[in-house]
Structures are given as structure tokens and as C-alpha cells.
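# Structural characterization, general
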Amino acid sequence: QAVPCLADGGAALAVDPSDASRVLTKPNGHGEVHRLLHSSGLAAKLHGDGCTHLVFFQDTNGLVFNAVPAALGVSVRRGLALNFVSVRRRAGDASGALIELVRERGGGDGGGRVLANVEYNQLEPL
């Protein structure tokens, strides 16, 4: 299934340079696994079978497997719904990064903070 491409950090839709009425699309990527787990019924089956934790490995660095047991143990012990494992990123690397996004107060809200995985092609616009 294809999803619309975004052109910038402001989430503008990317359009075909030769036909501005055509929105560019791309494969759904990593997010597709969540939809498939739900739509196939596998998530419900796993839950029904008593599965309480699931590990997603979406990386090309095989050494990260060494950290999975520890990360899973921390998640269980602390009751985490989500946990990240990351390695140091060098500027310019074609890899995403965990960053804290901060929204300043203003416009009637109190601002806020969130830790998010941001893809490498979106880091510079931020």
C-alpha cells in the first residue's frame, strides 16, 4: 500500500514536478508492520495466547541484537509501553536519530516535550 510523500518538515504534500495535480507516493515503510499485525489478526492472536511483549527490529546494524534482551528486561521491569535502543549518530549519517522535540509555550497551550525517532532526511529541516 502506498502513502503520500511529504515534501518538508511542515508536512506539505510532495507533488510530481511534471504534473502538479499528482501527489507523489511511496511504500508505507516501517509503519506497515503495525497495520498488518492488526489486519491479519495476528496481534489479537498473540494477545489471546498471552503474549505481553513484542520486539520490533528495524535496523541494518546486526550488533543491536546484543542489546535486545537488556532492553526487553528494562521494559518489563519498568512497565514501559515503548522503549528505544540507539547508537551514537554522526552528523550527516543517513540514519535517523532520537531527539527531544520541544514546543514552546504560546498560542494558548502550555508547550510540551516528546522524545521521537526522526528520520535522517527530516533532521536538517528541523
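These notes cover the structure that comes with them. (Residues numbered from 1 in each chain as written. Predicted model: local features only at pLDDT ≥ 70, side-chain atom pairs only at ≥ 80, totals over all residues. Heavy atoms only, no water.)

### Some words on a nonpolar patch on the surface
Taken together, the side chains of Leu-6, Leu-13, Val-15 and Val-23 present a nonpolar region at the surface, about 320 Å² in accessible area. Looking at where Leu-13 falls in the secondary structure, it is placed in the loop between strand E1 (2-4) and strand E2 (15-16). (Patch = residues over 30% accessible without salt bridge, like charges linked within 9 Å, V, L, I, M, F, W, Y side chains within 5 Å. Areas by Shrake-Rupley, 256 points an atom, 1.4 Å probe, with all protein chains shown as cover. Salt bridge = Lys/Arg side-chain N within 4 Å of Asp/Glu carboxyl O. Helix = DSSP H or I, 4+ residues; strand = E, 2+ residues; numbered from the N terminus.)

### Here we look at the side chain of Ser-75
Tracing the chain through its elements places Ser-75 in helix H3 (residues 68-78). At 2.9 Å, the side chain of Ser-75 forms a polar contact with the backbone oxygen of Ala-71. A polar contact is formed between the side chain of Ser-75 and the side chain of Asn-83, at a distance of 3.1 Å. Those residues in contact with Ser-75 that sit more than four places away from it in its chain are Leu-80 and Asn-83. (Polar contact = N/O pair within 3.5 Å; in protein donor to acceptor, adjacent residues only side chain to side chain. Contact = heavy atoms within 4.5 Å.)

### What about the environment of Gly-92?
Position of Gly-92 among the secondary structure elements: in the loop between H3 and strand E5 (97-103). Distance in space between the C-alpha atoms of Gly-92 and Asn-121 is 9.7 Å, their sequence separation being 29 residues.

### Describing the environment of Glu-119
Here Glu-119 is to be found in the loop between strand E6 (112-118) and helix H4 (120-123). On the accessibility criterion, Glu-119 (39% relative accessible area) is partly exposed. Taking the C-alpha atoms as reference, Glu-119 lies 14 Å from Val-87; in sequence the two are 32 residues apart. (Buried < 20%, exposed > 50% of the residue type's maximum accessible area, 1.4 Å probe, protein only.)

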